[in-house]
Amino acid sequence: MANPNVQDIIEQQVLTVAKAVEDKIDDEIAALDRLDLEDIEALRERRLQQMKKMAEKRSRWISLGHGEYTEIPSEKDFFSAVKASDRVVCHFYRDNWPCKVMDKHMSILAKQHVETRFAKIHAEKSPFLAEKLKILVGFDELGGTDEFNTEDLEERLAKAQVIFFEGESSKSSAQTRRSVRQSESHDSSDSD
C-alpha cells in the first residue's frame, strides 16, 4: 500500500477533479435552465434545417442509385456512374462462388449505407479498368476466406472511409454477425 502522504495526495487530486467535473455539469445545467422560448425555438429551427438538408441529400443519393446494389453494364458507363457520387464501392466480379458471396454482403451494405453508391461490373468485360485501378483480388483483408461476416466488410470499408461508420454496425450485431451462408433470405445463391 502507498505511504499515507502519497495516498492523501492522490485522494486530494481525485476530489479536485471530481469537484471540477461537478462544477462543469452544474454550469451546463444552469445554462439549460436559462434557455427561454426563443432559444428553444432557435434550436428547434436549426435541427429542422439539419433534418431537411439530410432528407435532400438522401433523396439525391437515391436518385443516383444509392441504396441498391446495381450492375454497371460496361466500362464506358463506369465513369459516368462513379463521377456522379462522392463515395462509391465497386465490386469487379467474375461468375464464381466467392463473387456471389461478396454480392450478398454488398447488397446488405447498400441498403444500410445510402450515403455510398454500391455497384458491380464484370471484371473480364472491363480489363482496362481492372488494370488501371489495380483491383484487389481475394479476401486477404477479410481473413483470407469467404466465411467473413458483413460486419467485417463494413469495418474494412469504414477504414477506407467510403462509408459513414460510428464503430458499430448499422444493424444490431445479432443480424450482421451472421455469415451470408447462414442467411435466412430465400434468394440465396447457394443453390446456383
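Predicted model, so just to flag it, every value in this text is computed and none were measured.

**What about the nonpolar core?**
Turning to step 1, where the next piece is worked out: Core analysis: the biggest nonpolar cluster contains 16 residues, and Met102, Met106, Phe118, Phe148, Leu153 and Leu157 have the highest contact counts within it.
Turning to step 2, where the next piece is worked out: Counting residues per element, the ones that place at least two in this core are helix H4 (97-112) and helix H6 (150-159).
Turning to step 3, where the next piece is worked out: For this core, the leading source of residues is H4, giving five residues.
Turning to step 4, where the next piece is worked out: When near neighbours in sequence (up to four residues on either side) are disregarded, Phe118 contacts Glu68, Tyr69, Thr70, Val89, Met106, Leu109, Ala110, His113, Leu157 and Ile163.
Turning to step 5, where the next piece is worked out: Formed by eight residues, the second largest nonpolar core is a distinct cluster that contains Phe78, Phe92, Ala119 and Ile121.

**With respect to the pairing of strand S3 (residues 117-122)**
Turning to step 1, where the next piece is worked out: Of all six residues making up S3, six are buried, and the element is well covered by its neighbours.
Turning to step 2, where the next piece is worked out: Neither face of S3 is left uncovered, since the one carrying Arg117, Ala119 and Ile121 and the one carrying Phe118, Lys120 and His122 both have all their residues buried.
Turning to step 3, where the next piece is worked out: The sheet contact formed by strand S1 (residues 69-71) and S3 spans three bridges and is parallel. Looking across to S3, one finds that Tyr69 is bridged to Phe118.
Turning to step 4, where the next piece is worked out: Sheet analysis places strand S2 (residues 88-93) next to S3, joined by six bridges and oriented parallel. Paired with Val88 across the strands is Arg117, a residue of S3.

**Description of unusual backbone geometry**
Turning to step 1, where the next piece is worked out: Positive phi is not limited to glycine here, since Lys134 has a value of about 50°.
Turning to step 2, where the next piece is worked out: Position of Lys134 among the secondary structure elements: in the loop between helix H5 (127-132) and H6.
Turning to step 3, where the next piece is worked out: One non-glycine residue, Gln161, adopts positive backbone phi at about 60°.
Turning to step 4, where the next piece is worked out: Mapped onto the elements of the fold, Gln161 is located in the loop between H6 and helix H7 (173-176).

Criteria and cut-off values
- Residues numbered from 1 in each chain as written.
- Predicted model: local features only at pLDDT ≥ 70, side-chain atom pairs only at ≥ 80, totals over all residues.
- Heavy atoms only, no water.
- Core = buried A, V, L, I, M, F, W, Y, C linked by side-chain atoms within 4.5 Å.
- Buried < 20%, exposed > 50% of the residue type's maximum accessible area, 1.4 Å probe, protein only.
- Helix = DSSP H or I, 4+ residues; strand = E, 2+ residues; numbered from the N terminus.
- Contact = heavy atoms within 4.5 Å.
- Pairing = 2+ DSSP bridges.

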